[in-house]
Amino acid sequence: MMRPKIYLFGDSITEESFSAGGWGAALAHHFSRTADVVLRGFSGYNTRWAMKVLDKVFPAEMNVGNGRAPLAVTVFFGANDACLPDRCSAFQHVPIDEYSQNLHAIVAYLKNRWPSTHVILITPPPIDEVARLLHRYGEIHSDLPERTNEAARNYAKACVTVARECGAPVVDLWSRMHQFPDWGKAYLRDGLHLTLGGNKIVFEEVIGKLKEVGLSLETLPADLPFTDAMDPNDPLKVFDQMPTTDFKMFRVI
């Protein structure tokens, strides 16, 4: 039987999540013997573009034969939707009402495909506007950043509202980071993308939401036996017991 999967769907903050110290890499390590963590991050994407590629990211073949519904899918968009419409990243901007509608549609698409799959929304992070000016994107000919923290807050609130309306878990990353006074330097390396500390927060929050819906090392069995389960005098015996043995009991956590 193939291992169950957890998909990470989002923009550059998801695409970078498998880098050293990234939150996606930490998830893959955490579930290394129980589930495969699959990266589907697309730098620069907004929800409008995400809607256009849903059938390519989650192709029909995933439902064929022995295909299993993913355990969970994280949906992490909004940082690009929230780009201001009158500045250099205007082509990425999506009006907040459309952003909400797109999130609704993405959740509905996933739940219609896989009713048992847990869809977890993640809000955009806060924006350190001073740092954004120090890490300019494109041709910026003014002293104004292409994103603001106020806009990010509004899109984060919209994401939380959509999650509530859909009955989906949500990581309110904007609010979580604002609980710390030095969040800009501690959690954002360029005013937008995550530092190691920022990745740690996302990892911890996602793990917490997964546990809330019943997905944890305590509830997910390993697909093959741990060495703890093996009789030193007859190591092969455990493999004959595989159809009936729940190997999570042998996991050293």
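Up top is the structure.
The notes below deal with the structure included here. These numbers come from a predicted model, not from an experiment. (Residues numbered from 1 in each chain as written. Predicted model: local features only at pLDDT ≥ 70, side-chain atom pairs only at ≥ 80, totals over all residues. Heavy atoms only, no water.)

1. Describing the nonpolar core
Using the following cut-off: Throughout, nonpolar core names a set of buried Ala, Val, Leu, Ile, Met, Phe, Trp, Tyr and Cys residues whose side chains join them through atoms within 4.5 Å. Relative accessibility decides the category of a residue: with a 1.4 Å probe and only protein chains considered, values under 20% of the type maximum give buried, values over 50% give exposed, and everything between is partly exposed. In this description a helix means any DSSP run of H or I spanning at least four residues, a strand means any run of E spanning at least two, and both kinds are numbered starting from the N terminus. Here, residues are in contact when the closest pair of their heavy atoms is within 4.5 Å.
Formed by 35 residues in total, the largest nonpolar core has its most connected members in Trp23, Leu27, Phe31 and Leu210. Residue assignment for this core shows that the elements contributing at least two residues are strand 1 (5-10), helix 2 (23-30), strand 3 (72-76), strand 4 (118-122), helix 6 (149-166), helix 7 (173-177), helix 8 (183-187) and helix 9 (196-212). When residues of this core are assigned to their parent elements, the largest contribution, 6 residues, is made by helix 9. The residues contacting Leu210, other than those within four sequence positions of it, are Ile6, Leu27, Phe31, Ala72, Ile120 and Leu215.

2. Overview of helix 6
For an α-helix, the turn length of 3.6 residues means that residues three or four places apart are oriented alike. Using the following cut-off: A helix is expected to span 1.5 Å multiplied by its residue count minus one.
The end-to-end C-alpha separation of helix 6 is 26 Å, in line with the 26 Å expected for 18 residues at 1.5 Å each. Three or more residues of helix 6 are buried, namely Asn149, Ala151, Ala152, Tyr155, Ala156, Ala158, Cys159, Val162 and Ala163. Packing partners of the buried residues in helix 6 comprise helix 4 (96-113), strand 4, helix 5 (129-134), strand 5 (170-171), helix 7 and helix 8. Positive phi shows up at Gly167, right after helix 6, with a value of about 70°.

3. Some points on the packing of helix 2 against helix 9
Defined as follows: All axes are obtained by fitting lines to C-alpha atoms, using only the stretch in contact for helices, and the reported angles, taken between N-to-C directions, cover 0 to 180 degrees. Relative orientations are named as follows: roughly parallel for angles under 35 degrees, roughly antiparallel for angles over 145 degrees, roughly perpendicular for angles from 65 to 115 degrees, and oblique for any other angle. Crossings are classed by handedness, with left-handed meaning an anticlockwise turn of the near helix from the far one by less than a right angle and right-handed meaning a clockwise turn.
Orientation of helix 2 relative to helix 9, taken along the N-to-C sense of each, is 45°, at an axis distance of 8 Å. By the angle between their directions, the pair helix 2 and helix 9 is classed as oblique. With respect to the hand of their crossing, helix 2 and helix 9 are arranged in right-handed fashion. Taken together, the residues of helix 9 that come into contact with helix 2 (itself represented by Trp23, Ala26, Leu27 and His30) are Asn199, Val202, Phe203, Val206, Ile207 and Leu210.

4. Re the pairing of strand 1
As a reminder of what qualifies: In this description, strands pair whenever DSSP reports at least two bridges between them.
Of all the 6 residues making up strand 1, 5 are buried; the element is thus mostly covered by neighbouring parts of the structure. The pairing of strand 1 with strand 3 spans 5 bridges and is classified as parallel. In the strand pairing of strand 3, Leu8 is matched with Thr74.

5. Focus: the side chain of Ser216
This is how it is decided: Nitrogen and oxygen atoms within 3.5 Å of one another constitute a polar contact, given that in protein one can donate a hydrogen and the other can accept it, and given that sequence-neighbouring residues count only through two side-chain atoms.
Looking at the secondary structure, you find Ser216 in the loop between helix 9 and helix 10 (237-240). Ser216 gets classed as buried once you look at its relative accessible area, which sits at 8%. Within the structure, Ser216 has its side chain in polar contact with the side chain of Glu218 (distance 3.0 Å). Those residues in contact with Ser216 that lie beyond four places of it in its chain are Phe31 and Lys211.

6. Things to note about the packing of aromatic side chains
As a reminder of what qualifies: The rule is short: rings of Phe, Tyr and Trp, with Trp giving its six-membered ring, pair when the centres are within 6.5 Å, and they are stacked under 30 degrees, edge-to-face over 60, tilted in between.
Per the counting criterion, the structure on display carries 11 aromatic pairs. Centroid distance Phe9 to Phe77: 5.0 Å. Interplanar angle 80°. Geometry classified as edge-to-face. Placement of the pair is Phe9 in strand 1 and Phe77 in the loop between strand 3 and helix 4, with a sequence separation of 68 residues. Residue Phe9 is classed as buried on the basis of its relative accessible area of 0%. One aromatic cluster is present, formed by Tyr7, Phe9, Phe42, Tyr45, Trp49, Phe58, Phe77, Phe91 and Trp114 through successive ring pairs.

7. Description of helix 9
In this model, helix 9 (17 residues) spans 24 Å end to end at C-alpha, consistent with the 24 Å of a helix rising 1.5 Å per residue. The set of residues buried in helix 9 consists of Gly198, Asn199, Ile201, Val202, Phe203, Val206, Ile207, Lys209 and Leu210. Where helix 9 starts, the residue carrying a side-chain oxygen 3.3 Å from the main-chain nitrogen of Gly197 turns out to be Thr195. Downstream of helix 9 by a residue or two, Gly214 has a phi angle that is positive, lying close to 95°.

8. Considerations on the pattern of salt bridges
Note the threshold: Any carboxyl oxygen of Asp or Glu that lies within 4 Å of a side-chain nitrogen of Lys or Arg is treated as forming a salt bridge with it.
Across all of its chains, the model carries 13 salt bridges by this definition. We note a salt bridge from Arg87 to Asp86, for which the minimum N-O separation is 3.9 Å. Where Arg153 meets Glu150, a salt bridge forms, and the shortest distance between an N and an O atom there is 3.6 Å. Pair noted here: Arg153 and Glu150 are both in helix 6, with a separation of 3 residues, about one helical turn. Taking relative accessible area as the criterion, Arg153 reaches 26% and is therefore assigned partly exposed. Glu150 sits in the partly exposed class, given a relative accessible area of 42%. Taken together, the shared-partner salt bridges connect Arg132, Glu146, Arg147 and Asp190 into one network.

Functional significance is not addressed by these values, which are geometric in nature.
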